[in-house]
Structure formats: structure tokens, C-alpha cells
Amino acid sequence: MQVLQVQLEVGPDPAEVGRARRWARSRLVGSGIRDDEPLAETLILLISELVTNAVVHTGCPAVLRMLFGLTGSAGTVRVEVADTSCHPPQQRHAAGEDTNGRGLELVDGLADRWGWQPEGAGKRIWCEVDRGAPLIQVPLHSGAGDADRDARKVSQVVTKLARTHLA
């Protein structure tokens, strides 16, 4: 099985997250995943969370990698974000109206698998989504004024995931 790997260097600026999303969206289309597929929205959300964590929590540049066609006939898409911080990721549990602390919970709920490992002087955080697996659909918008609506949708999904995991 042939694996396609693409990567993008991301600077230590929160504005880079939007650039990473746009870049990833174009690579997904290039790999045959339509922009309007739930899989694309799920992967963009995962990428957004992992890149945001790398940029905001480490203050270091990062490298975003996407790997397509890993296993099986339907394939698996793997997303990796490597940074130069040696500190392991900390999964936090946000309460109520908290605006932070949901990133890795969201990754845990949306990805089929995820983890992290040391890489050189830093670390690599990765997640995988099986292309044939059922997905939770969270439509996101990139227009101005949509950030609050998107944050509410993400919060609702995280709340639903938390209830599912606690039940």
C-alpha cells in the first residue's frame, strides 16, 4: 500500500492555525476527500485542535503532517503535529462555560486513535481517522462572525461526548 505524506511548517503564531486549516483542506481535496464530506470537517477540526495546542501551549514552531492510505481498502488518514517542546500534552477537563481545556477531549472523542511520543528534542502528537468509520458531524464555518457559533457547536459536541463517556 502506497502512503502519501504531506507536511506544512507552522510558525509559533496563533494566526498560523487558520493557514494550517486552509492548507489541510486543499490537501484533503487533493487526496480525494471532498470538502463537504463529514470526514473532511472532522479532520479539519482535529487539525485545528492539534495545531492550536502546539502553537498556544508551547510557543514553538511546529510541523503538521497528513498521511493518507495507511491501512485497509478504505484507508486511514493520520494527522501528526510535531513541536520542539519536550513537555507531554496535558489532557484537561473543562467545566461549564470554560473556553479552554476541551482540545484533547475533542480529539479523544472524534479520532479513532490518538497518542503522542517523544520525537528528537520535542514530541509528536498524532491521531487517526478511518475513512470508512462513522463520524460525528460538526459543520464549521470560516466566515467572520462565525467563531462564536462554531465554539457553541464544538462545546455541544464535547458535552455530548463527555456524557457518552461518563454513562
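Fair warning: this is a prediction, and the values are worked out from it, not measured in the lab.

Undergrad: Let's hear about the sheet that holds strand E1 (residues 4–10): which residues, and what values?
TA: Pairing is antiparallel in the open sheet, where 5 strands are placed in the order E1-E2-E3-E5-E4. Strands at the two margins of the open sheet, each flanked by one partner only, are E1 and strand E4 (113–119). Neighbour-to-neighbour, the strand axes of this sheet turn through a mean angle of 15 degrees, independent of strand direction. When strand E2 (residues 62–68) meets strand E3 (residues 76–83), the two strands line up antiparallel, connected through 6 bridges. Across the sheet, Met66 pairs through a bridge with Val79, a residue of E3. Strands E1, E2, E3 and strand E5 (122–130) of the sheet are contacted by helix H2 (residues 38–58), whose axis makes an angle of about 10 degrees with E3.

Undergrad: How would you sum up the pairing of E4? Please name residues and give values.
TA: Across 7 bridges, E4 lies against E5 in antiparallel orientation. Looking across to E5, one finds that Trp116 is bridged to Ile125. The hairpin turn running from E4 into E5, its antiparallel successor, is 2 residues long, and Gly120 in that turn takes a positive phi close to 60 degrees.

Undergrad: Any details on the environment of Arg25? Residues and values, ideally.
TA: Along the chain, the position of Arg25 falls in helix H1 (residues 16–30). In this structure Arg25 comes out as partly exposed when scored by relative accessible area, which is 22%. Residues Arg25 and Ile47, 22 residues apart in the sequence, show an inter-C-alpha distance of 9.9 Å. Beyond its immediate chain neighbours, meaning those up to four positions away, Arg25 contacts Asp35, Glu41 and Ile44.

Cut-offs used in this document
- Residues numbered from 1 in each chain as written.
- Predicted model: local features only at pLDDT ≥ 70, side-chain atom pairs only at ≥ 80, totals over all residues.
- Heavy atoms only, no water.
- Pairing = 2+ DSSP bridges.
- Helix = DSSP H or I, 4+ residues; strand = E, 2+ residues; numbered from the N terminus.
- Axes fitted to C-alpha atoms, helices over the stretch in contact; angles between N-to-C directions.
- Contact = heavy atoms within 4.5 Å.
- Buried < 20%, exposed > 50% of the residue type's maximum accessible area, 1.4 Å probe, protein only.

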